[in-house]
Amino acid sequence: MLVLLPPSETKALGGSGAPLDLDLLSHPELTPVRGKLVDALVDLAADVPASLAVLGLSERQAGEVERNAELRRSPTLPALARYTGVLYDALALDSLTRTERSRAFARLSVASALFGVVGGGDPIPAYRLSGGSVLPSVGPLGGLWRPALEPVLAGADEFVVDLRSSPYTSLARIPGAAVVRVVTEDGKGRRNAVSHFNKAHKGRLAQVIVKSRSEPGDLKGLVRVAVRAGLRLEPTGPGTADLIV
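A few points on the structure. Fair warning: this is a prediction, and the values are worked out from it, not measured in the lab. Residues take numbers from 1 onward in each chain, read along the sequence in its written order. Note on the predicted model: pLDDT of at least 70 is required for a residue's local features to be given, and 80 or more for side-chain atom pairs to be given and counted; whole-chain, interface and lining totals, by contrast, use all residues. Just so you know, side-chain values use all the structure's heavy atoms and leave hydrogens and water out.

### Notes on the overall build of the protein
- Per the convention used, a helix needs a DSSP run of H or I reaching at least four residues, while a strand needs a run of E reaching at least two, with both numbered from the N terminus. Looking only at helices and strands, the protein features 10 helices and 12 strands.
- Against the 2.2 N^0.38 benchmark of 18 Å for 245 residues, the protein shows a C-alpha radius of gyration of 18 Å, consistent with a compact globule.
- Judged by the C-alpha coordinates and their principal axes, the protein covers about 55 × 40 × 35 Å.
- Note on exposure labels: buried denotes an accessible area under 20% of the residue type's maximum, exposed denotes more than 50%, and partly exposed covers the range between, all computed with a 1.4 Å probe on protein chains only. Considering the protein as a whole, with its 245 residues, one finds that 50% of them fall into the buried category.
- Contacts are assigned to residue pairs that have any heavy atoms within 4.5 Å of one another. Of the contacts formed within the protein by residues at least 6 apart in sequence, a portion of 68% connects residues at least 24 apart. This radius of gyration counts C-alpha atoms alone. The globule rule is 2.2 Å times how many residues there are, raised to the power 0.38.

Written as structure tokens, this is what we have:
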């Protein structure tokens, strides 16, 4: 199965891996676009004020621009260890057994404005680029990513679970993917989308998936795995489900 997680703006710093090698990343079909974006981001970093404006950063966040400048030289970490924040805290990669960690690297991937999508174990550096960013030399990222990324994801010959957030779903559509919505339910059965803790619950679902010895091959299988772990996941259509919290 392929579970697509949203990325995070915040990244763990440092790493022990060799510098970025695009040829080592999953989905080599995306290498030309990745290279173009890495070059664009490094070039932009030479102009700190412009970088801050394009990336929506304050002067206190100038360190993010420095990291972009060092993209090709800085050390790498596995993607699931690089991204931080509430979703990745809930996934709790460091708490997983060796076997579960291997499953995480095999089953989980992360949407990325810079790399399109990376496997959980792909070695990547710290960087700053959001799905809604518009790089001066490239333009809106959707126009660049959709022609390259959509065929890759649509051609996946495995069960795809889409947990991406809206800035990243706009970079590529995935026909046939199972989409999970995080909701609350009131006393009358009415459901409302969760915003603040949305990512934390997606992280818990991702952890359940990698802790499961059985690998779901369809939405029914995913529901069984989630319910067995104590989550309330209910199908709402042929390719949609609500995670009720």
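Having put the structure on the table, let's press on.
### Some details on the nonpolar core
- Among the nonpolar cores identified, the biggest contains 73 residues, and L5, L80, L108, L114, F115 and L129 are the most heavily contacted of them.
- In this structure, F115 is in contact with L20, L22, L25, L30, R34, V38, I124, P125, Y127 and W145, ignoring residues within four places of it in sequence. Here, nonpolar core means buried Ala, Val, Leu, Ile, Met, Phe, Trp, Tyr and Cys residues that are tied together by side-chain atoms lying within 4.5 Å of each other.

### Topic: empty space enclosed by the protein
- Within this scheme a cavity is a closed region of a 1 Å grid, computed over the protein atoms alone, that accommodates a 1.4 Å probe without allowing it to escape, whereas a pocket is open but has protein on both sides within 12 Å along at least five of seven lines; lining residues each have an atom within 4 Å of a point. Grid points are joined across faces, edges and corners, and a volume is the space filled by probe spheres set on the points. Summed over the entire model, instances satisfying the criterion amount to 1 cavity of 30 Å³ or more.
- Estimated volume of the largest cavity: approximately 40 Å³.
- Taken together, L4, A111, S112, G116, V117, L149, L153, R164, Y168 and L171 make up the full set of residues lining the largest cavity.
- Among the secondary structure elements, those contributing two or more residues to the lining of the largest cavity are β3 (108–112), β4 (116–119) and α7 (141–154).
- Polar here means any residue other than Ala, Val, Leu, Ile, Met, Phe, Trp, Tyr, Cys and Pro, which are nonpolar, and Asp, Glu, Lys and Arg, which are charged; Gly is therefore polar. Looking at side-chain class alone, the lining of the largest cavity contains 7 nonpolar, 2 polar and 1 charged residues.

### With respect to the side chain of S212
- Counting through the fold element by element, S212 comes out in the loop between α9 (198–211) and α10 (219–228).
- Assessed through its relative accessible area of 9%, S212 is described here as buried.
- Excluding anything up to four places from it in sequence, S212 contacts R103, R107, V225 and R228.

### Here we look at the pattern of salt bridges
- Salt bridges are defined by distance alone: a side-chain nitrogen of Lys or Arg within 4 Å of a carboxyl oxygen of Asp or Glu. One pass over the full model with this rule turns up 17 salt bridges.
- Between E234 and R191 there is a salt bridge, with the nearest N and O atoms lying 2.6 Å from each other. Pair noted here: E234 is in strand β11 (residues 232–237) and R191 is in strand β10 (residues 191–193), with a separation of 43 residues, a long-range link.
- What makes E234 partly exposed here is its relative accessible area of 26%.
- One salt-bridge network, held together by shared partners, links R181, E185, R191, R232, E234 and D242.

### Considering the packing of aromatic side chains
- Stacked, edge-to-face and tilted are the three classes for Phe, Tyr and Trp ring pairs, Trp counted by its six-membered ring, which pair at centre distances within 6.5 Å; planes under 30 degrees apart are stacked, over 60 edge-to-face, the rest tilted. Summed over all chains, the structure comprises 3 aromatic pairs.
- Their ring planes at 25° and their centres at 5.8 Å tell us that Y83 and Y88 sit as a pair that is stacked. For the pair shown, Y83 and Y88 are each scored as buried.
- Seen from their ring centres, F115 and Y127 are 5.6 Å apart, and the 85° between their planes marks the pair as edge-to-face. With F115 in the loop between β3 and β4 and Y127 in the loop between β5 (123–124) and β6 (134–135), this residue pair connects regions lying 12 residues apart in the sequence. Both residues of the pair, F115 and Y127, belong to the buried class.
- Among the aromatic residues, those joined into a cluster by ring pairs are Y83, Y88, F115 and Y127.

### Digging into the pairing of strand β12 (residues 240–244)
- Among the 5 residues that make up β12, 4 are buried, leaving the element largely enclosed by the rest of the structure.
- A pair of strands is considered paired only if DSSP assigns at least 2 bridges between the two. As judged from the 5 bridges shared by strand β9 (residues 178–185) and β12, these two strands associate in the parallel manner. Bridged to V182 within β12 is L243.
- Hairpin remark: β11 followed by β12, antiparallel, with 2 residues in the connecting loop.

### Things to note about the packing of helix α1 (residues 31–45) against α7
- Where α1 contacts α7, the two axes come as close as 10 Å, and the packing angle between them is 160°. In terms of orientation, α1 and α7 fall into the roughly antiparallel class. Between α1 and α7 lies a crossing of left-handed hand. Listed contacts from α7 to V33, R34, K36 and L37 of α1 are L141, L144, W145 and A148.
- When grouped by side-chain class, the residues that make up the contact of α1 with α7 number 6 nonpolar, no polar and 2 charged. An axis is simply a line fitted to the C-alpha atoms; with a helix, the fit covers only the stretch in contact. Between two such axes, the angle follows the N-to-C directions and lies from 0 to 180 degrees. When an angle is under 35 degrees it counts as roughly parallel; over 145 it counts as roughly antiparallel; between 65 and 115 it counts as roughly perpendicular; any other value is oblique. A clockwise turn of the near helix away from the far one marks a right-handed crossing, whereas an anticlockwise turn of less than a right angle marks a left-handed crossing.

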